[in-house]
Amino acid sequence: MSPWGMLRIPRPLIMIRAFRIYFRFELPRTRITNILKRSGEQIWSVSIFLLFFLLLYGILGVQMFGTFTYHCVTDDTQPGNVTWNNLAIPDTHCSRELEEGYQCPPGFKCMDLEDLGLSRQELGYSGFNEIGTSIFTVYEAASQEGWVFLMYRAIDSFPRWRSYFYFITLIFFLAWLVKNVFIAVIIETFAEIRVQFQQMWGSRSSTTSTATTQMFHEDAAGGWQLVAVDVNKPQGRAPACLQKMMRSSVFHMFILSMVAVDVIVAASNYYKGENFKRQYDEFYLAEVAFTVLFDLEALLKIWCLGFTGYISSSLHKFELLLVIGTTLHIYPDLYHSQFTYFQVLRVVRLIKISPALEDFVYKIFGPGKKLGSLVVFTASLLIVMSAISLQMFCFVEELDRFTTFPRAFMSMFQILTQEGWVDVMDQTLNAVGHMWAPVVAIYFILYHLFATLILLSLFVAVILDNLELDEDLKKLKQLKQSEANADTKEKLPLRLRIFEKFPNRPQMVKISKLPSDFTVPKIRESFMKQFIDRQQQDTSCLLRRLPSASSSSCDHSKRSAIEENRYIDQKLRKSVFSIRARNLLEKETAINKILRACTRQRMLSGSFEGQPAKERSILSVQHHIRQERRSLRHGSNSQRISRGKSLETLTQDHSNTVRYRNAQREDSEIKMIQEKKEQAEMKRKVQEEELRENHPYFDKPLFIVGREHRFRNFCRVVVRARFNASKTDPVTGAVKNTKYHQLYDLLGLVTYLDWVMIIVTICSCISMMFESPFRRVMHAPTLQIAEYVFVIFMSIELNLKIMADGLFFTPTAVIRDFGGVMDIFIYLVSLIFLCWMPQNVPAKSGAQLLMVLRCLRPLRIFKLVPQMRKVVRELFSGFKEIFLVSILLLTLMLVFASFGVQLFAGKLAKCNDPHIISREDCHGIFRINVSVSKNLNLKLRPGEKKPGFWVPRVWANPRNFNFDNVGNAMLALFEVLSLKGWVEVRDVIIHRVGPIHGIYIHVFVFLGCMIGLTLFVGVVIANFNENKGTALLTVDQRRWEDLKSRLKIAQPLHLPPRPDNDGFRAKMYDITQHPFFKRTIAVLVLAQSVLLSVKWDAADPVTVPLATMSVVFTFIFVLEVTMKIIAMSPSGFWQSRRNRYDLLVTSLGVIWVILHFALLNAYTYMMGACVIVFRFFSICGKHVTLKMLLLTVVVSMYKSFFIIVGMFLLLLCYAFAGVVLFGTVKYGENINRHANFSSAGKAITVLFRIVTGEDWNKIMHDCMVQPPFCTPDNSTYWKTDCGNYAGALMYFCSFYVIIAYIMLNLLVAIIVENFSLFYSTEEDQLLSYNDLRHFQIIWNMVDDKREGVIPTFRVKFLLRLLRGRLEVDLDKDKLLFKHMCYEMERLHNGGDVTFHDVLSMLSYRSVDIRKSLQLEELLAREQLEYTIEEEVAKQTIRMWLKKCLKRIRAKQQQSCSIIHSLRESQQQELSRFLNPPSIETTQPSEDMNALNQDNSVQPETSSQQQLLSPTLSDRGGYRQDTGDAGKPQRKFGQWRLPSAPKPISHSVSSVNLRFGGRSTMKSVACKMNPMSDAASCGSEVKKWWTRQLTVESDESGEDLLDI
């Protein structure tokens, strides 16, 4: 490989021009560019996240391990002369330390091969020598290919715990969490691409074409089904009877049954030996008969339908293709050739048997344009990359993988499937040399990254998109699902309905102590209990009425009455058709009319004019949308407002009205469903009560213990007792969050009894981990103690639960679900084993089976923990879809297995000596070479031979697979389907049958890998979303759920405010908060992390300068922390968790600096490296993308905790069973001293390796070893080294399917769910990150104590400070502001509100609840908002009335004070009035007459509408004369006080006229009796408020918005 040869690389890119023909996009170029830019940004961000973890584990690998160059060599090994014969067989790594790692056996010594003269190319490129090689090795391990051998090398060279910790966490985080984020990215991106490309791909359509008509036809079972009938299809010339027969269901079932028989016959074929004549055996004759039958079927259909009508159906085209192919196949020269494909493809026709399977297949493969385009794209990518690799490596010496295009294609396809891709890369790196190795490694890693993470994720995205429902069907599905749930809750379980089969026998009682004049029949006991209870209550009340008791009535009866009234009130509130709901609706309608009229009046009056135009916030937009929607819903559009609208506007309003009426109809349907649910629950309770009353043995445990027996009540108390530390506020009733609420929630997760059994079960499992074939529980008394304790405690537990809840025929029986059955089964197995305790357990016996069943004990925790039961439900709820996928994969395997048997049966056998070709010459012995090492690349020297030994020649099949019968072929293809061992199958078929037959295995691997395995991923993700309730959510509803989850994680900033002055602290604050300062610190952290690129070894001279530079960086970070403490003050600095972490790491760094200069040994270097690694984690907090993606991983870990625990419990069960079944199996190809089942600990490591798929099939075949290759023993299983063929097959296959195909895909589903939380784009978010950040800043300003809690009255201040999309304009949306404030006061009763309370309120107000909320949540939210509107309206009007009454009283007090002054000033004049002859009257002036006229009109107006508030309908009553400046005037709903009062007249008549005709005596009475006036005013206000709630006018006062 040379630089000039690199110029040939761009040559294959010319093929892209040819591929453009197949990939023509009908979208504008700008839209495609935007899509690619957006998806590219997301993929780049996730790639940075992956690089962060690669760098992290690369640094850890360098510091924890370093080089893997110590090997066991013979004692006579000389430096510079290391050969294959000097190494141990197999090559073994060793440790320099005597107390850790592997120690070489006698005759060998542990030496460093690099010191012995081997080059880097000979030692291999995998390892942790420096940071570059370490990252390369970490990526190889993260691909789950060859990682376990790296771990075994580390175990031999270093302490065992270090290797387990490093590699297991690497697989968990990198392989299972971080790399699966790519799938989430592709799924999210493909969802948008699908919307954009909908026109090109076409929309989803049903299985029935538009040209067909569905008609009812009777099926074979006597039922009816819809059958698609094409009315336009041409008819053939066949008689009517034949056409009727051809369309009958009997004919179709007969043909399908014949297809099934043909498949069974083809699957029964097997290899009978070389001397057997294969062409004219019974299988060939059967094939001829079936071919003739299906040919006649095709001819009959053509005769009945006509040729044009026959080929118009795609299914008939496929049948015609099969007919032609199978007809050619029965020709003797073409039999057992490539035409066999047509014979085995008949099994595809069996899909028509199951309608569910047919619909599922059409849903996946029906829209074939997307999947077909992706397959073509994958093939094109393989062709281009194969051509590029051919140009790069075709002239490299000693590399035969890229010499021709077929070889290059197979190599690149092998990298795509990840099977052995590390071997391809390592061979290429060794061949190109040390100089070009980094370039070639980057090339292969980039291709592997794109092919495995992006391309395979595209297949998952396409399958998920095909399983997705249309948006218009999701809400309909939600309604139907709610109805189905309501129907299922109505019926009692079958075990309780069995009592209905027996006659009613209610419990009767006989009344005694009565006169015997009348015969009194027996009365039901339940009927008499009512009177007994009532008599007891009356007696207790009578005792309370005695003088010693209080004089109040019975508190108990009061409480019961209050509770009963509260219950009735709740029922009435929930009832849809209750009177309260109708009255509330009328009040809401009236208040809405008042508010709308006020708003319109303000807009018409021009009160909003003169303000600058500003973008409305989302809160304002959603508020006006809701107001408009409610106005349309109640049908209160004013004709006065709509009179001036155009015809288009009126048409649009009418359409809006129709739309909202449909929404109202949907609301009624939702309410009916809710009412139906309540009725179903009540009916269920009524049925249960009737059974309890009419059947005396109902709800009696074991039909013995009474329902209310004291012993049963005691057992109930013991069984149901649990920890409850939730403290409630006695005033508000809200639950208080204690300091250790998470611990308290954990303690209250299950009952005390279940906690005891969980602890006992865990202790029993720990005891079982000490068992082995050499230390058995039957012969170890210490292990038997745990067995006795478990059985005793479980006996007590089951007895208590049975006495409390019953065994089977009670509502809360122990055996009411699968968990109860499993509990009884585990208990019986444990009890039988404890009583039996067999001393000798033969292999494959009943006693060994009992020991295997005993290993199911850890599954008890699934039943005891509720969250674990939820995991099981999530697994089994999607069993139908997983079963359908399994049938499809089995069909695919059956097709290829039948084909393989007919083509490869007996042809794969060969002599183990590669130089022998014929079977006759395969005898004698020969020398076979031994593979010493996979990592070293030593070359044989002249005259040197590899180590080997003499073996006999044997003519046999390959060790692990063959195609001699369908069973073995299915097993081989199942292993290939897991992408393990398929390269070996490919090489054997190509070498022993022919290169052309390599297409067979490549096609199967492509279909199985790209479609089969991704089907499992897609189905598990879809089922997970359906169980979580997100599968039926619309786009808006899903965004709302994501927003709620995102808000739960959001936290206050805890950032102290900037100091007020401009002093030294303020300058420090500005410096530390500047973006440049933060970026500089991040660069310094990365620079310090680079110092760990090589291992810090005390003996290495490079370590000292690196440690000195790290000391300098530490002082810089000390300066950073000091500046922040000065700027924020110590208390403000301590409030942030990130600052605490930085302070902790900096403190550790200072301690390290002191210890480093004081001691200067290996421990201080180790501590310094740990401090740098801890500081490296702070990079995530300084980068937004890394922070969001790290939150995705962390939340995924939190949500998948119980799934991970469930995986470990299954792993533990299989580990215990593996110790019993395979604990003494002899070592083989993969069963060795590292991987075996000799103990539970080693079994767990082997099973964890199998979860990653690392050579699991080879371990299975090692456990299948049978005589004569092992030593059997029929007495005890621990004395034999043979395996168990059937047990190994069921054990490993079931484990791999459950864990690798189902459980691990649940992790992918959780990551996909959480990725949309943190990494959705700005336009997809209801509240963007900028909005949340702005709210955090404002909250930080209001919450001065940094406690995360503020008083309710501060919410008003916080809302006024919000800007941007969350701003509330008090001029335009004052009513919205009131609603938000009152909502906080109502929900928290005027107490403190938290950060999340206000944020949740803003989130509800910022979305369209009709689109975003689900059914139940929508009803609850709308009811709350209606209540808030009503209360705010009441509060607003109440405040207005108080102001009005205040003005009236002020006016009355003013008049009373004037009269009082007049009395004092005119005492003499009043004394003359006492004499009748001297009475004088004054003549009224013209102004006074005018006032009298005005006052005479006023009573008439008030008689028409007696309203205390000034409304738009009675403005005449308040119209004032412009010249009368002394009277209070009103404008736009506000009172305007007089500017200057007129002079007071000294005549009584003028005073009387001045106050609207009111008499002086009334004023005096007002002064003398103010309470009567206040009472009268209060009664008038009450009457006015009653009329206001029922008024039907659109006119209203304007003071509603002015207060």
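### Side note on the overall build of the protein chain
Helices and strands together make up the secondary structure of the protein chain, namely 62 helices and 16 strands. Taking the intrachain contacts of the protein chain between residues at least 6 apart in sequence as the baseline, contacts between residues at least 24 apart amount to 76%. Per element, the accessible surface of the protein chain, about 84000 Å² overall, is 61% carbon and sulfur.

### Thoughts on the confidence of the model for the protein chain
Per-residue pLDDT for the protein chain averages 77, and the proportion of residues at 70 or more is 74%. Within the model, pLDDT remains below 50 along residues 199–226, and this stretch shows 56 contacts once partners closer than five positions in the same chain are excluded. For residues 636–651, every residue scores under 50 in pLDDT, and the model assigns this stretch 15 contacts once sequence neighbours within four places are set aside.

### Examining the packing of aromatic side chains
For the structure shown, the criterion picks out 63 aromatic pairs. When the ring of Phe393 is compared with that of Phe444, the centres are 5.8 Å apart and the planes differ by 10°; the resulting orientation is stacked. In this pair, Phe393 sits in helix H16 (residues 368–393) while Phe444 sits in helix H19 (residues 437–467), placing the two residues 51 residues apart along the sequence. In this structure, Phe393 and Phe444 share a single accessibility class: buried. Within the aromatic cluster, the residues linked to one another by ring pairs are Phe49, Phe52, Phe53, Trp147, Phe172, Phe173, Trp176, Phe1176 and Phe1248. Sitting above the plane of the Phe790 ring, Arg857 keeps its charged end 4.2 Å from the centroid. Sitting over the face of the ring of Tyr102, Arg1233 holds its NZ or CZ atom 4.1 Å from the ring centroid.

### Focus on the environment of His1234
Along the chain, His1234 falls in the loop between helix H48 (1201–1222) and helix H49 (1240–1251). The buried category is assigned to His1234, whose relative accessible area is 14%. Those residues in contact with His1234 that sit more than four places away from it in its chain are Tyr152, Ile155 and Asp156. In this structure the side chain of His1234 is engaged in a polar contact, spanning 3.3 Å, whose partner is the side chain of Asp156. A polar side-chain atom of His1234 sits 3.4 Å from a polar atom in the side chain of Arg1233.

### Let's talk about the nonpolar core
Within the largest apolar cluster, 296 residues are counted, with the highest numbers of intra-cluster contacts made by Tyr166, Leu174, Trp176, Phe393, Phe1237 and Phe1292. When sequence neighbours within four positions are dropped, the list of residues in contact with Trp176 reads Gln144, Ile171, Met1207, Phe1248, Val1251, Thr1252, Leu1304, Leu1307 and Ile1311. Leu1327, Leu1332, Ile1350 and Tyr1404 belong to the second-largest nonpolar core, a separate cluster that totals 36 residues.

### Some thoughts on unusual backbone geometry
Note the cis peptide between Ile89 and Pro90, where omega equals -10°. Tracing the backbone through its elements, the reader meets Pro90 in the loop between strand S1 (70–74) and strand S2 (108–112). At the junction of Pro1267 and Pro1268, the peptide bond is cis and its omega measures out at 10° in the coordinates. Structurally, Pro1268 is set in the loop between helix H50 (1256–1262) and helix H51 (1285–1318). Notably, Leu979 is not glycine yet its phi reads approximately 65°, a positive angle. Considering the arrangement of structural elements, one finds Leu979 in the loop between helix H37 (966–977) and helix H38 (982–992).

### Observations concerning H49
Helix length check: H49 (12 residues) gives 16 Å between terminal C-alpha atoms against 16 Å at 1.5 Å per residue, within 8%. Within the sequence span of H49, burial applies to Ala1240, Ala1243, Ile1244, Thr1245, Val1246, Leu1247, Phe1248, Arg1249, Ile1250 and Val1251. Directly beyond the C-terminal end of H49, a positive phi value near 80° is found at Gly1253.

### Description of a nonpolar patch on the surface
Nonpolar side chains collect at one region of the surface, where Val756, Ile785, Tyr788, Val789, Ile792, Phe793 and Ile796 lie side by side and expose about 600 Å² of accessible area between them. Of the residues forming the nonpolar patch, the biggest block, 6 residues, is contributed by helix H31 (residues 781–805).

### A short note on the state of the cysteines
For the structure shown, the criterion picks out 4 disulfides. There is a disulfide in this structure between Cys911 and Cys922, and the S-S distance comes to 2.3 Å. Here the disulfide of Cys911 and Cys922 is right-handed, its torsion about the S-S bond being about 80°. Residue Cys911 is found in strand S9 (residues 910–911), and its partner Cys922 is found in the loop between S9 and strand S10 (925–929); the two are separated by 11 residues along the sequence. With respect to burial, Cys911 and Cys922 carry one shared label: buried.

### Re the pattern of salt bridges
By the definition in use, this model includes 37 salt bridges. For Glu688, the salt bridge identified is with Arg692, shortest N-O distance 3.3 Å. With Glu688 and Arg692 both in helix H27 (residues 647–694) and 4 residues apart, this pair spans about one turn of that helix. The two residues Glu688 and Arg692 agree in class, both being buried.

### Remarks on the environment of Ile1231
One can find Ile1231 in the loop between H48 and H49. Along the chain, Ile1231 and His1261 lie 30 residues apart, while their C-alpha atoms are 9.7 Å from each other. Beyond its immediate chain neighbours, meaning those up to four positions away, Ile1231 contacts Val1225, Lys1226, Asn1236, Phe1237, Ile1259, Asp1262 and Cys1263.

### Notes on the side chain of Glu319
By the secondary structure assignment, Glu319 is in helix H13 (residues 314–329). Filtering out sequence-adjacent residues up to four positions away, Glu319 remains in contact with Glu297, Lys301, Tyr310 and Arg349.

### As for a positive patch on the surface
On the surface, Lys1356, Arg1360, Lys1374, Lys1443, Lys1446 and Arg1447 cluster together to form a positively charged patch. At the level of secondary structure, the elements contributing two or more residues to the positive patch comprise helix H53 (1354–1361) and helix H57 (1415–1465). With 3 residues, the top contributor of residues to the positive patch is H57. In this structure, Lys1446 sits in helix H57. By relative accessible area, which is 63% here, Lys1446 ends up exposed.

### Here we look at the packing of helix H35 (residues 866–877) against H48
Two numbers describe how H35 lies on H48: the axes approach to 9 Å, and their chain directions differ by 80°. If you check the angle between H35 and H48, you find them roughly perpendicular. Contacts between H35 and H48 involve Gln867, Met868 and Val871 from the former and Phe1202, Ile1203, Val1205, Gly1206 and Leu1209 from the latter.

### Some remarks on the environment of Leu87
As for its position among the elements, Leu87 is in the loop between S1 and S2. Not counting chain neighbours up to four residues away, the residues in contact with Leu87 comprise Cys72, Val73, Phe108, Leu113, Val932, Leu936 and Leu938.

### Comments concerning the side chain of Lys801
Note that Lys801 resides in helix H31. A distance of 3.2 Å separates a polar atom in the side chain of Lys801 from a polar atom in the side chain of Asp754. In this view, Lys801 contacts Val719, Leu753, Asp754, Gly806, Val814 and Leu864; residues no more than four positions away in its chain are not counted.

Conventions used here
Residues numbered from 1 in each chain as written. Predicted model: local features only at pLDDT ≥ 70, side-chain atom pairs only at ≥ 80, totals over all residues. Heavy atoms only, no water. Helix = DSSP H or I, 4+ residues; strand = E, 2+ residues; numbered from the N terminus. Contact = heavy atoms within 4.5 Å. Areas by Shrake-Rupley, 256 points an atom, 1.4 Å probe, with all protein chains shown as cover. pLDDT = per-residue confidence, 0-100. Phe/Tyr/Trp six-rings, centres within 6.5 Å; stacked < 30°, edge-to-face > 60°. Buried < 20%, exposed > 50% of the residue type's maximum accessible area, 1.4 Å probe, protein only. Lys NZ or Arg CZ within 6 Å of the ring centre and 35° of its normal. Polar contact = N/O pair within 3.5 Å; in protein donor to acceptor, adjacent residues only side chain to side chain. Core = buried A, V, L, I, M, F, W, Y, C linked by side-chain atoms within 4.5 Å. Expected span 1.5 Å × (residues − 1). Patch = residues over 30% accessible without salt bridge, like charges linked within 9 Å, V, L, I, M, F, W, Y side chains within 5 Å. Salt bridge = Lys/Arg side-chain N within 4 Å of Asp/Glu carboxyl O. Disulfide = S-S within 2.5 Å. Lys, Arg positive; Asp, Glu negative; His and termini not counted. Charge placed at Lys NZ, Arg CZ, Asp CG, Glu CD. Axes fitted to C-alpha atoms, helices over the stretch in contact; angles between N-to-C directions. Parallel < 35°, antiparallel > 145°, perpendicular 65-115°, else oblique.

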